Amino acid sequence: MLRVRKPLISRIMDHARREYPRECVGLLLGYGGLAVEALPISNAAARPEVEYRAEPRQLLAALRALEESDKEVVAIYHSHPRGSARPSATDIAEASWRVPYLIIGLGTGEMGAFLLPEGEEVELVVV
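Here is what the cut-offs are and how they apply
Residues numbered from 1 in each chain as written. Predicted model: local features only at pLDDT ≥ 70, side-chain atom pairs only at ≥ 80, totals over all residues. Heavy atoms only, no water. 1 Å grid on protein atoms, 1.4 Å probe; cavity = no way out; pocket = protein on both sides within 12 Å on 5 of 7 lines; lining within 4 Å. Points joined across faces, edges and corners; volume = space filled by probe spheres on them. Helix = DSSP H or I, 4+ residues; strand = E, 2+ residues; numbered from the N terminus. Nonpolar A, V, L, I, M, F, W, Y, C, P; charged D, E, K, R; others polar. Salt bridge = Lys/Arg side-chain N within 4 Å of Asp/Glu carboxyl O. Buried < 20%, exposed > 50% of the residue type's maximum accessible area, 1.4 Å probe, protein only. Pairing = 2+ DSSP bridges. Axes fitted to C-alpha atoms, helices over the stretch in contact; angles between N-to-C directions. Expected span 1.5 Å × (residues − 1). Arc of directions from axis to C-beta. Contact = heavy atoms within 4.5 Å. Polar contact = N/O pair within 3.5 Å; in protein donor to acceptor, adjacent residues only side chain to side chain. Core = buried A, V, L, I, M, F, W, Y, C linked by side-chain atoms within 4.5 Å.

## Here's the deal with the layout of surface pockets
Point 1. In this structure, the largest pocket encloses a volume near 340 Å³.
Point 2. Contributing to the lining of the largest pocket are 20 residues, with Tyr 52, Arg 53, Ala 54, Glu 94 and Trp 97 lying nearest its centre.
Point 3. Top contributing element to the lining of the largest pocket by residue count: helix H3 (residues 89–94), with 3 residues.
Point 4. Split into classes, the residues belonging to the lining of the largest pocket amount to 11 nonpolar, 4 polar and 5 charged.

Spelled out as structure tokens, the structure:
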């Protein structure tokens, strides 16, 4: 289960809309499966309209800052500007984190959370 505070949903959706037609990417930070903070990261992918890659320096800086905090990465989020909230073949092939991947499907207006590369859906609860 991935629990996300309601104000974060708006922030994540706003981030996805601002980046359109590019995919957005970011980290959800929190405690024990509860996301309390969204951290947008620049998309450094070669083809950002159809894939994402967190900008390495920003990602490293975020992870270093986490070492000095009591928060942890509880999910990674990204958008599908014209698609659904289901993982793409690229999402599955590139997955390496052992946290849920939250996908924003701007084409459908939905969100979904998945463990990847397995493709197992994770219950998404807005609190």
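On we go from here.
## Examining the pattern of salt bridges
Point 1. Here the structure, examined in full by the defined rule, presents 8 salt bridges.
Point 2. Among the ionic pairs, Glu 51 bridges to Arg 47, the shortest N-O distance being 3.8 Å.
Point 3. A residue is classified by how much of its surface remains accessible, and Arg 47, at 48% relative accessible area, is partly exposed.
Point 4. In this structure, Glu 94 engages Arg 53 in a salt bridge whose closest nitrogen and oxygen atoms are separated by 3.5 Å.

## Examining the sheet that holds strand S8 (residues 124–126)
Sheets are built from strands that pair by backbone hydrogen bonding, the pairs being arranged parallel or antiparallel.
Point 1. The strand order across the open sheet built from 8 strands is S7-S6-S5-S4-S2-S3-S1-S8, with neighbouring strands paired in mixed fashion. Either end of the sheet is taken by a strand with one partner, and the two such strands are strand S7 (120–122) and S8. Here the strands of the sheet are splayed against their neighbours by 40° on average, with no regard to which way each runs.
Point 2. Pairing analysis gives 6 bridges linking strand S2 (residues 25–31) to strand S4 (residues 72–80), with the strands arranged antiparallel.

## Re helix H2 (residues 56–67)
Point 1. The terminal C-alpha atoms of H2, which comprises 12 residues, lie 17 Å apart, in line with the 16 Å expected from a rise of 1.5 Å per residue.
Point 2. When H2 is considered as a whole, its buried residues turn out to be Leu 59, Ala 62 and Leu 66. For H2, the angular spread of the buried residues around the axis is 65°, confining them to a single face. In H2, the exposed positions that point more than 90 degrees away from the buried face belong to Pro 56, Arg 57, Arg 64 and Glu 67.
Point 3. Where H2 is buried, its residues meet S2, strand S3 (34–41) and S4.
Point 4. Capping of H2 at its N-terminal end is provided by Glu 55; its side-chain oxygen lies 3.0 Å from the backbone amide nitrogen of Arg 57.

## A word on the environment of Ala 65
Point 1. In this fold, Ala 65 is placed in helix H2.
Point 2. Separated by 52 residues in sequence, Ala 65 and Pro 117 place their C-alpha atoms 27 Å apart.

## As for the nonpolar core
Point 1. By size, the foremost hydrophobic cluster in this structure holds 18 residues, and its most contacted members are Leu 2, Val 4, Ile 12, Leu 28 and Tyr 77.
Point 2. At the level of elements, strand S1 (2–4), helix H1 (6–19), S3, S4 and strand S5 (101–105) are the ones that each hand at least two residues to this core.
Point 3. The element contributing the most residues to this core is H1, with 5 residues.

## Quick notes on the side chain of His 15
Point 1. Structurally, His 15 is set in helix H1.
Point 2. Among the residues examined, His 15 registers a relative accessible area of 4% and is labelled buried.

## Quick word on the side chain of His 78
Point 1. You can see His 78 is positioned in strand S4.
Point 2. Looking at His 78, the relative accessible area reads 0%, which means it is buried.
Point 3. Among the polar contacts listed, one links the side chain of His 78 to the side chain of Asp 91, at a separation of 3.2 Å.
Point 4. Dropping the residues within four chain positions of it, His 78 is found in contact with Glu 23, Cys 24, Val 25, Tyr 52, Asp 91, Leu 102, Ile 103 and Ile 104.

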